[in-house]
Structures are given as structure tokens and as C-alpha cells.
Amino acid sequence: MNNLWSEEEFRQLTDELSQRVYSSRLLGHDKSLVLHGGGNTSVKIIEKNAFGEDEELLYVKGSGWDLEKIEEGGFSPLRLDYVRRLAQLPSLSDPQMVNELVTHMTRATAPAPSVEAILHAILPYKFVDHTHADAVLTVSNSIDGETRVREIYGDRVVVIPYMMPGFDLARLCAERFSTEAGPNTIGMVLLNHGIFSFGATARESYERMIFLVGLAEDYLQRQGAWNVPNHAPRPAKAGTRVELAQLRKNLSETMGAPAVVARHTGERCLAFAQREDLAAISQQGPATPDHVIRTKRLPMLGRDVHAYAAAYRRYFDELEPMAKERKIMLDPAPRIVLDPELGMCTVGRTAKDAAIVAEIFNHTIDIIVRATALGGYRALPAKDIFDVEYWDLEQAKLRKSGKPAMFAGEVALVTGAASGIGKACVEALLSRGAAVAGADLNPNIETLYNRPDFLGVQCDLTSGEAVGRLLERTTDTFGGLDMLVLNAGIFPGGCRIDSLQADEWQRVMRINLDANLVLMRECHPLLKLAPRGGRVVVIGSKNVPAPGPGAAAYSVSKAALNQLARVAALEWGGDGIRINSLHPNAVFDTGIWTGEMLASRARHYGLTVEEYKKNNVLRTEVTSSDVAELAAEMCGPLFAKTTAAQVPVDGGNDRVI
Ligand code: ZN
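In this text the structure is predicted, and so the values were computed from the model without any measurement.

Novice: Explanation requested: the packing of helix α20 (residues 502-527) against helix α21 (residues 552-572) in the structure shown.
Specialist: In contact at an axis separation of 8 Å, α20 and α21 are set at 15° when each is read in the N-to-C sense. Relative to α21, the element α20 is oriented roughly parallel. Here the hand of the crossing between α20 and α21 comes out right-handed. Of the residues in α21, those touching α20 at Trp 505, Val 508, Met 509, Asn 512, Leu 513, Asn 516, Leu 517, Met 520, His 524 and Leu 527 are Ala 552, Ala 553, Tyr 554, Val 556, Ser 557, Ala 560, Leu 561, Leu 564, Ala 568 and Trp 572.

So, in C-alpha cells, the structure goes:
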């Protein structure tokens, strides 16, 4: 266990809340302690209230904040006396408890306090730290877990049997702590849940956490259950893009909405998915309630989504006869798929959700493998996991979460995505909730955005092999394809037919036409499996309806692409795929146009640059974002009944009109 404490950094921090922020971030930085909003910390501080009186406040982590990135504003200030009194009530429902906490904060704009706030309040220490440390969960979730925990810690911790987070758990901890804590007590282990440490200073509490978790790690090491070698896995299956898209379609149907499916074929995931004893060790349940909400109860083994959903419904019906009354939203889709050929696939309503599931389950794999080496992984009984999975508070959050983004769970591929109209299309699609793969010849595409819902791929679209690799990477990352924006193309320098060379003509056709044919052909089986139907948008050109002299190759390539799109609309309509084109003109913010070029073109027509930019019927400037917004809308419900449309986006052109 790494102690990350830096006294030099800490010495700069004079007030207690910023000290609390500092050591919370240290905990959050270590993913073997907490993951994604898991864990929480607090500090008790005396402050003056509006009457000038001293009042003791409990600053506890607000819900929705991640320890790694927490700031002072991420802590909720609660009136400590009041919260301590709550702990003496005989009972309090979860919604009541949340209401009591929220109405006893001293800052109206603070986040809702953690549901474990009362637990922090009852511990009589200034600083309290709580994590879901892997090593502690490993020992606790193994056969004879409690005995092992007691053997490791002796009287250093109070051991609390499992109980669902909330008021009753806080009460139980208060009781046990007051009777069992002794002079050597520096922490509390909550079986099948996590660990608390506490102290008079931020450093004392932090270092006790590191020490206590370190004891569990040392124990696992001594038992030969820390560095557990895995067998070398068989290589993951390649060329699985259609299989993945089919799996995603089935998962989306079961979930009732499009889902992102991310494939992971690292050695550990693959070795785990190929274990002989996988069915026995993976079907126990998550290691802590904190993970249940993200990962759901059990991973799916293999690819039979319907069998999984049916088994899930049986489990649900058995444990929740009141589902209708409680207005529970049943969700029988798995979040993790373990398949010997595919490796580990994680499922989410968004790419971010799928990434969080992956991170959690990577730790779960470690925990299961180590606990198995220790003698056997044993998670909580199904009923306890179910209670967290369908917790009132989580259900309330789901009901409140509102309408999802237009393209939540959907996947788009944009070509020529590094700049200009293509880049604007990426942004328009991301802003509507889609996961986007951007392809471009320019290597900058790979690092255009650093976010889980974007994949940049450098790709020469005129190479069939490169297109194949692009689609494999897209489906490995997001699971399938719903929307294709054909934007990549070149506009060669002006050249009249009398001097147009065949190789130049062929070069333009290869890039603007042939590459799109190959891409459309290869995308068709994926688009056919899009949960809401596939959509293609072709970025055409004003030159399709109104060609210009000196642009023969360009105009012909775009006109041919236009005709290709019309035939595709006829051929693919039966597969639920619609394809529409838009014809931009005079889009000058694309990087191809330098200020100098603009000035020279404007001079050529005897216009100022401003006049030249707005040289259309509406006297308006057309930007790449205008084109991209229309392209994105063409993929949305507004155009749900439209295919083979051609829409100009040119401010009105008298030759087109
Ligand atoms: Zn917890």
C-alpha cells in the first residue's frame, strides 16, 4: 500500500477543510481504494453561525463527487448535533433520512450529503475516511471472511456485519462502536462493504487507512493470494464486428434503449473469461454494494442475451412481488459479458457508463481471482444484492434523471473528422449524446478529444484494409454503428476539361467516390443491426445541382456519390436504413480557406470579403457548424420518415433554386 502523503504540500494548507480536501484526493487517487464516486470522507469543524455562536458542523462528501477530484464545495456542511440526534431515532426511512440531511445543511447550494453521513457523524473523531479497498473486500468476500478479518486486525478495528447502507447501518455502527471500541481501535471494517479509519488529524486518519489496508494486503501475500498468475489466454477472436453489432442489438432490445458495448481483450480479462471455473466463480455477485448499481448483479456468460434476461426476470419476480406498487423499473440487461472469444464486454447507456463498468469489473476480477486463491470467493446473498440494486434512493434518482440525450447509446462514424465540416459534425453528434468515431488521414485525429465517447482513428479511406481496421476498432470500442456521415473528400485546384489529366480525374474519383462505395458496403451489415435503424448522411455539394466550370472531376465525383446515395436509399430502405444528402456551398471556416485566398476570391468578383462570404440569396454566412447541425438533425427523429432527401445549406443559390 503506497503512502502518498507529502508533508511539504500539506504544510501549505492551514484550514481544516482544505486539509480534508487534500487527503481525500490522496485516497481517490489510489484506485485500489475507491472507484468512481465510491468511498467518502468527512471532517468536523466548529464555525460561527449567523448569531455569532459557535456551531459544530460535519463536512461530509456530497453525493455525485469523486474523491480524486473533490473540492471544498464538494463537501456538504451539516449541523452535527442534529445529525447525531437522528442516529438515536428508532427508525427512519431512506427518503426521510435524505430529507432530514438536506434540510439541515448550512449552505443551500451544497450538494446532497452522502447517504453514509450519519455514520460519519456518530464516530467521535475529527477526521473520518471510508473506502471500499480491494484488499479488504477480497478477504471479507472469501470463505471464512469474518474470521480472517478478525485474525488480521484483532482489536484494531470494530467489525460490523453486513447491512445495507442507510439509517439502520449507521445505528448498528453506533451501537457496536460504543460497546466494542477499545484503546487500540483505529478503524471499523464493514463486512462485504468496506473499511473506515479515523483520527484527530487528516494525516493520522489517512495513514491509519493505508496501514489497515496494508495489513490486508500483507495477509493476502502471505497466503499466496496476492500476485496470482493467470494462464496465458488463447488470442481474442478477430474480425468480430458483425458479431459484436448483433450482440449489441440484442443487449439494446433487452435494455429497452440503445446501448454502448465496449470490448476489452487485455490479457487479464481474456484469461478470466477463459477460465474453466468461470461459471462457478463469476456468478456470485459484486464485492460491495457500491458496485451493484453500476455492474448489476451478475455478468452474462456467453452471448445468449435472451436466456440471461429470462433468468434475470425469474430472479426479479421471486424477490420483488411489490415491483408494480414500488414503480420499479425492471432492467434485465447485463452490464458485463464474459465470452472466451470476445473477452470482456461492458455495457452502458453511454460510453462513459460502459467505461465505469469496465473499471469496476477490472477490480472485481482481481478480487475474485485472489479470493479464489485464498479458498473461495463468496459474495452477499442474492437478496442483499437485490435490495441495493433496487434501492428506493437509486430508483428515485432514475425517475428524476429526465429525458436522455437524443443519441444516448448510439454510435456515429464521421469521415474527414479532423477539421472543418467533419469536426463540426463530430461536435454536433457528441453534443446530442452519441459516441463518435472520427476517421481522418491527418494523425491529429487520434488526439482530437480525450473523452470516453470519442475514438479518433488515422485512416486512409482509399485502402479497403484500412477501412476494415477502422470498423473493427469502432465496434471494439462502442459495439456497433448507427450513423455514418460521409464527409471526407478533396476539392482539387481548378482545371478545365481540355487539360484535365486522367490520373488526376482518377485520384478525385478514388477519394470522393470509390472510397465511399467501399465504406458504405462495409458499413451496411452494421447499420442493418442498429437498434433504432441505420442512418447515413452524405455531405454533397452545391456542385451537384449547379456545377461550376473548372471543377469537372469534383462535380462529377459528387454527382456520382449523390446517385449512389439515391440507389442506396432504394436498396437499404427495407433494412430500416435511411440516407439523406445535404448540399453546402461557400463554407469558409474550414481551414482550407486562408484569409489571403478569401481576399483574392472576393477581389476577383469585385466584392469585399464580408460581401463575398454572404454572396447568396439570404445574404447570410454559412458556417461548418450550420452544416453539421443539419447533418446531426438528419440522423434524428425530425427526419425519421425521410430518405433520399437532398437539402441545400447554402443561404439560397439562384442557380440551385
Ligand atoms: Zn461505503
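Novice: Help me understand helix α2 (residues 16-29), please; the structure alone is not making it clear to me.
Specialist: One full turn of an α-helix is made of 3.6 residues, so residues set three or four places apart face in the same direction. Between its terminal C-alpha atoms α2 stretches 20 Å, which fits the 20 Å expected from 14 residues at 1.5 Å a residue. With 11 of its 14 residues buried, α2 lies for the most part within the structure. Inspection of α2 places Leu 17, Ser 18, Gln 19, Arg 20, Val 21, Tyr 22, Ser 23, Ser 24, Leu 26, Leu 27 and Gly 28 among the buried residues, and these make up the whole buried set. At its buried positions, α2 is contacted by α1 (7-11), β1 (40-48), β2 (54-61), β3 (75-79), β4 (127-131) and α9 (202-222).

Novice: For this particular structure, what's the right way to read the pairing of β4?
Specialist: The side chains of a regular strand alternate, residue by residue, between the two faces of the sheet. Counting buried residues along β4, 5 of its 5 residues qualify, which places the element largely inside the surrounding structure. The alternating pattern of β4 places Phe 127, Asp 129 and Thr 131 and Val 128 and His 130 on opposite faces, both of which are buried. In terms of strand pairing, β1 meets β4 through 4 bridges, oriented antiparallel. Across the sheet, the residue bridging to Ser 42 is Val 128, located in β4. With 5 bridges connecting them, β4 and strand β7 (residues 194-199) associate as antiparallel partners. Bridge pairing in β7 links Thr 131 to Ile 195.

Novice: Looking at this structure, I do not really get the packing of aromatic side chains. What am I missing?
Specialist: Given two aromatic rings, one states the distance between the centres and the angle between the planes to describe the pair. A full pass over the atoms with the stated rule returns 17 aromatic pairs. On the basis of an interplanar angle of 65° and a centroid distance of 5.3 Å, the ring pair of Tyr 312 and Tyr 315 is categorised as edge-to-face. With Tyr 312 and Tyr 315 both in helix α14 (residues 305-319) and 3 residues apart, this pair spans about one turn of that helix. Lying across the ring of Tyr 315, Arg 297 places its NZ or CZ 4.1 Å from the centre. Just above the ring of Trp 226 sits the side chain of Arg 370; from NZ or CZ to the centre is 3.6 Å.

Novice: Honestly, the coordination of the zinc ion in this entry has me stumped. Any pointers?
Specialist: Any two of four tetrahedral donors ideally make an angle of 109.5 degrees at the metal, while pairs among six octahedral donors ideally make 90 or 180 degrees. Protein-derived ligands of the zinc ion are Glu 116 (OE), His 130 (NE2), His 132 (NE2) and His 193 (NE2), with the metal-ligand distances lying across 2.2 to 2.7 Å. Geometry at the zinc ion is irregular, judged from its 4 donor atoms and the angles of 77 to 163° they form at the metal.

Novice: Even after reading the chapter, I still don't get unusual backbone geometry, so can you show me in this structure?
Specialist: Both trends apply: most residues other than glycine have a negative phi, and most peptide bonds are in trans. For Ala 586, which is not glycine, the phi dihedral falls at a positive 50°. Of note, Ala 644 is a non-glycine position whose phi angle comes to about 65°, a positive value. With respect to the helices and strands, the residue Ala 644 is situated in the loop between α24 (624-634) and β18 (646-649). Judged by its relative accessible area of 36%, Ala 644 is partly exposed.

Novice: Explanation requested: the domain arrangement of the protein in the structure shown.
Specialist: Interfaces are often sized by the accessible area lost when the parts come together. Along its sequence, the protein is organised into domain 1 (7-222), domain 2 (241-400), domain 3 (411-587 + 622-649) and domain 4 (591-621). Placing the centre of domain 2 and that of domain 3 at their C-alpha centroids yields a distance of 36 Å. Roughly 1600 Å² of surface becomes buried between domain 2 and domain 3 when both sides are summed, with 60% attributable to carbon and sulfur atoms. Contact with domain 3 buries surface across domain 2, with Arg 241, Arg 248 and Lys 249 losing the most and accounting together for 41% of the total. Summed over the shared surface of domain 2 and domain 3, the number is 4 salt bridges. Between Asp 482 and Arg 248 there is a salt bridge whose closest N-O contact spans 2.7 Å. Breaking the side of domain 2 that touches domain 3 down by element, the ones donating at least two residues are α10 (241-255), β8 (260-264) and α15 (351-374). With 8 residues, α10 is the single largest residue contributor to the side of domain 2 that touches domain 3.

Novice: What's the story with the pairing of β8 in this structure? I'm lost.
Specialist: Among the 5 residues of β8, 4 are classified as buried, and the element is accordingly described as predominantly covered. Where β8 and strand β11 (residues 343-348) come together, 5 bridges link them in antiparallel fashion. Opposite Val 261, over in β11, you have Val 347 as the bridge partner.

Novice: Where do I start with the environment of Tyr 308 in this structure?
Specialist: With respect to the helices and strands, the residue Tyr 308 is situated in helix α14. Considered as a pair, Tyr 308 and Pro 332 are 24 residues apart in the sequence and their alpha carbons are 7.8 Å apart. Residues in contact with Tyr 308, not counting those within four places in the same chain, are Leu 298, Pro 299, Met 300, Pro 332, Ala 333 and Pro 334.

Novice: Just checking my understanding: could you explain the nonpolar core for this structure?
Specialist: Side chains of a nonpolar character, in soluble globular proteins, are inclined to be buried together. By size, the foremost hydrophobic cluster in this structure holds 43 residues, and its most contacted members are Val 136, Tyr 153, Val 189, Ile 195 and Val 213. Within the residue set of this core, elements represented by two or more residues are α2, β1, β2, α6 (134-140), α7 (145-153), β5 (157-160) and α9. It is α9 that provides the largest number of residues to this core, a total of 10 residues. In contact with Val 189, other than residues within four places in its own chain, are Val 136, Val 149, Tyr 153, Val 157, Val 158, Val 159, Ile 160, Gly 194 and Ile 195. Counting 41 residues, the second-largest nonpolar core is a separate cluster that includes Val 411, Leu 455, Cys 459 and Leu 561.

Calculation criteria
- Residues numbered from 1 in each chain as written.
- Predicted model: local features only at pLDDT ≥ 70, side-chain atom pairs only at ≥ 80, totals over all residues.
- Heavy atoms only, no water.
- Axes fitted to C-alpha atoms, helices over the stretch in contact; angles between N-to-C directions.
- Helix = DSSP H or I, 4+ residues; strand = E, 2+ residues; numbered from the N terminus.
- Parallel < 35°, antiparallel > 145°, perpendicular 65-115°, else oblique.
- Left-handed = near helix turned anticlockwise from the far one by under 90°.
- Contact = heavy atoms within 4.5 Å.
- Expected span 1.5 Å × (residues − 1).
- Buried < 20%, exposed > 50% of the residue type's maximum accessible area, 1.4 Å probe, protein only.
- Pairing = 2+ DSSP bridges.
- Phe/Tyr/Trp six-rings, centres within 6.5 Å; stacked < 30°, edge-to-face > 60°.
- Lys NZ or Arg CZ within 6 Å of the ring centre and 35° of its normal.
- Donors = N, O, S within 2.8 Å, 3.2 Å for Na, K, Ca; no water.
- Tetrahedral: all angles 85-135°; square planar, octahedral: opposite > 155°, others 65-115°.
- Domains from an automatic or database assignment.
- Buried area = accessible area lost by both parts, 1.4 Å probe.
- Salt bridge = Lys/Arg side-chain N within 4 Å of Asp/Glu carboxyl O.
- Core = buried A, V, L, I, M, F, W, Y, C linked by side-chain atoms within 4.5 Å.

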